[in-house]
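Here is how the chains run, residue by residue.
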Amino acid sequence: MAGTQGEVIAAHGLGFQYAGSTSKALEDVNIVIRQGEFLLLTGPSGCGKTTLCRCLNGLIPNFHPGEMSGDLFIDRVSVAAETTSELSRKVGYVFQNPENQLFALTVEKDVAFGPENLGLTREEIRDRVDWAMDAAGTVALRDLAPYELSGGQQQRVALAGVLAMKPSVIVLDEPTSFLDPRTAEEVMAAVDTLRRENRITVIVVEHRLDLVGRYAERIVVMDHGRIVADGKVEDVLDSEFDRLSGLGIGLPKVSVLWSLLKRDGLVSERLPTHVESAAKMLSERLRN
Amino acid sequence: MGENGAGKTTLAKQLNGLLKPTLGRVTVDGDDTTKKSVAQLSRKVGIVFQNPDHLLFSETVREEVGFALKNFGFEPGVVVKQVERTLEALDLAHYSDTSPFLLSGGERKRVALAAVLAWEPDYLILDEPTIGQDYQQKERLRNFILQLNSQGKAVVMVTHDVEFVAECNPKVVLMSKGQIVAQGQADEVLSDDGLIEKASLVKPQMAKLFSQLSGFGFPRDVVDVHRAKMLLGEKLSEVRVRVAQSS
């Protein structure tokens, strides 16, 4: 069963149980993700977010042994029929801890490692490295060693290394955790621009909804290995607010404030997800 | 708090003598850090690093958390008790016999914290403790820090997490380019546009909201949801009464 045009990821009844574990890490996951989408994947610790992402680039089941069930298609090809090296050209993965993916002696060599292994021409490699380093804001770090860099700089270098592979999907697992808030916003904005210009599909795993909420069009919430909510960010926050807070998800503070005011009958509008919309609605009420 | 590369971690490492000053003096309880070993200083000052993998090495969580206690020469009975207590407090007891390396990033972070808390240092330095923690765990961590603080322990936290800081409202020291550029209570610092700009931070959402509502006579230094709710609640109720009276 191959997906229709535009579907870059399709999972049907996907399940996974790590070898040695007594419970399923993923259970009956059904999701279709289209080319160019910006998707926020969230849920409490241990809900299966990272496991799902590992399935997307073949780390599961090739490097994490266990039992996989159901179907998963990337670019309309079943992952069962592809090797991790083929999948990693399609799906780039920026890990939670950037140290886990940096190893070369200079930043430039690290970013070039992926393209070099694709057997591209010298010129093509150079172009890709320059482009990726620029896009991730790492040009000034070119000749430094990854281990000399701060956590935030490493995170950007890891992103550049993934971009240089020109994947159609980028998975970012808490990509801004080591970044200062300003840099975090810059990186998220850069990722969003890359997505728009190159129709890359972006999947961000993040606990901090306030940071990603403004770029993500779609939110997928997981709990106990299953998808428990999936939809537009505004819709899901508004209709599932109590459930999401029950799951311990860090909701944007403006949404929390709004739900408290709503509970006291002081406001009636839908929950805002940005400061700007909350400020606008409150100003209108206060002006009366 | 401060931008990437501002010198926060470098300063933190001065506090237990991992780094010694090349200029100036650092004292811990009056003792110059250049005259004491890291082993002596770390009995008083516990540092939990940003990356838990820099600290963890034992085969089980229990051994990991007991390691420093044994090294400090505590009696075996005391070691067992302290380890149990700490694991309980951090919700890690069910992992006692598990390898720290089989745990998730967030869980390893808590094991690293437990390994330091176990010997009850007087001063606790936490480098980015909220990374990889979901909201519930952050709440636990916040309560835990406040509890330690109320027991008279000093807690120094290096963090970028403005919302977490807004909810704790501690004293904030802002660093930029190797220098301390401001200090003050979190609600003052985090609502100050100039300082926020200088230290590459962003305002907490409540501070952003209240600066956009500045025409309505609210105080400027609102950073946490509960104070925001109180202030807005009052104003909105007034408006409602007025509207009801005029109709």
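Worth saying up front: this structure is predicted, and the values here are computed from it rather than measured. (Residues numbered from 1 in each chain as written. Chains lettered and ligands numbered in written order. Predicted model: local features only at pLDDT ≥ 70, side-chain atom pairs only at ≥ 80, totals over all residues.)

A. Local environment of the overall build of chain B. When helices and strands are counted, chain B shows 11 helices and seven strands. The 247 residues of chain B split such that 43% are buried. (Helix = DSSP H or I, 4+ residues; strand = E, 2+ residues; numbered from the N terminus. Buried ≥ 20, exposed ≤ 12 C-beta atoms within 10 Å, placed from the backbone.)

B. Expanded view of the overall build of chain A. When you go through chain A residue by residue, the secondary structure sums to 12 helices and 10 strands. Since a compact globule built from 288 residues should have a radius of gyration of about 19 Å, the 20 Å found for chain A is in line with a globular shape. Taken along its principal axes, the extent of the C-alpha atoms in chain A is 65 × 45 × 35 Å. Here the analysis covers contacts within chain A between residues at least 6 apart in sequence; of these, 67% occur between residues at least 24 apart. (Rg over C-alpha atoms; globule rule 2.2 N^0.38 Å. Contact = placed C-beta atoms within 7 Å.)

C. Spatial organisation of the interface of chain A and chain B. At the junction of the two partners, chain A supplies 41 residues and chain B supplies 38 residues. When contributions to the side of chain A that touches chain B are tallied by element, the ones reaching two or more residues are helix H6 (151-163), helix H7 (181-198), helix H11 (253-263) and helix H12 (275-287) of chain A. It is H12(A) that provides the largest number of residues to the side of chain A that touches chain B, a total of seven residues. Across the side of chain A that touches chain B, the residue classes tally to 17 nonpolar, 15 polar and nine charged. (Nonpolar A, V, L, I, M, F, W, Y, C, P; charged D, E, K, R; others polar.)

D. Representation of the sheet that holds strand E1 (residues 7-18) of chain A. Residues and elements named next belong to chain A. An order of E2-E1-E4-E5 is seen for the four strands of this open sheet, with the pairing classed as antiparallel. The open sheet is flanked by strand E2 (26-34) and strand E5 (77-78), the only strands paired with a single partner. With two bridges joining them, strand E4 (residues 66-74) and E5 adopt antiparallel strand pairing. Considered in E5, the bridge of Phe73 is made with Ser78. (Pairing = 2+ DSSP bridges.)

E. The arrangement of the environment of Gly161(A) in detail. All names here are of chain A. Mapped onto the secondary structure, Gly161 falls in helix H6. Separated by 82 residues in the primary sequence, Gly161 and Arg243 have C-alpha atoms spaced 38 Å apart. In contact with Gly161, other than residues within four places in its own chain, are Gln101, Asp110, Val111, Phe113 and Gly114.

F. Fine view of H6(A). A rise of 1.5 Å per residue sets the reference length of H6(A), with its 13 residues, at 18 Å; its end C-alpha atoms lie 19 Å apart and thus fit the reference within 8%. Here H6(A) lies mainly inside the structure; 13 of its 13 residues are buried. (Expected span 1.5 Å × (residues − 1).)

G. Region of interest: the nonpolar core. Leu39(A), Val111(A), Ala132(A), Ala160(A), Val171(A), Val204(A) and Met206(B) are the most contacted members of the largest nonpolar core, which totals 119 residues. Formed jointly, this core draws a minimum of three residues from each of two domains, domain 1 (8-202) and domain 2 (204-247) of chain B. When sequence neighbours within four positions are dropped, the list of residues in contact with Val171(A) reads Cys53(A), Leu56(A), Asn57(A), Val91(A), Tyr93(A) and Ile203(A). Formed by 32 residues, the second largest nonpolar core is a distinct cluster that contains Leu92(B), Val111(B), Ala112(B) and Leu117(B). (Core = buried A, V, L, I, M, F, W, Y, C linked by C-beta atoms within 7 Å. Domains from an automatic or database assignment.)

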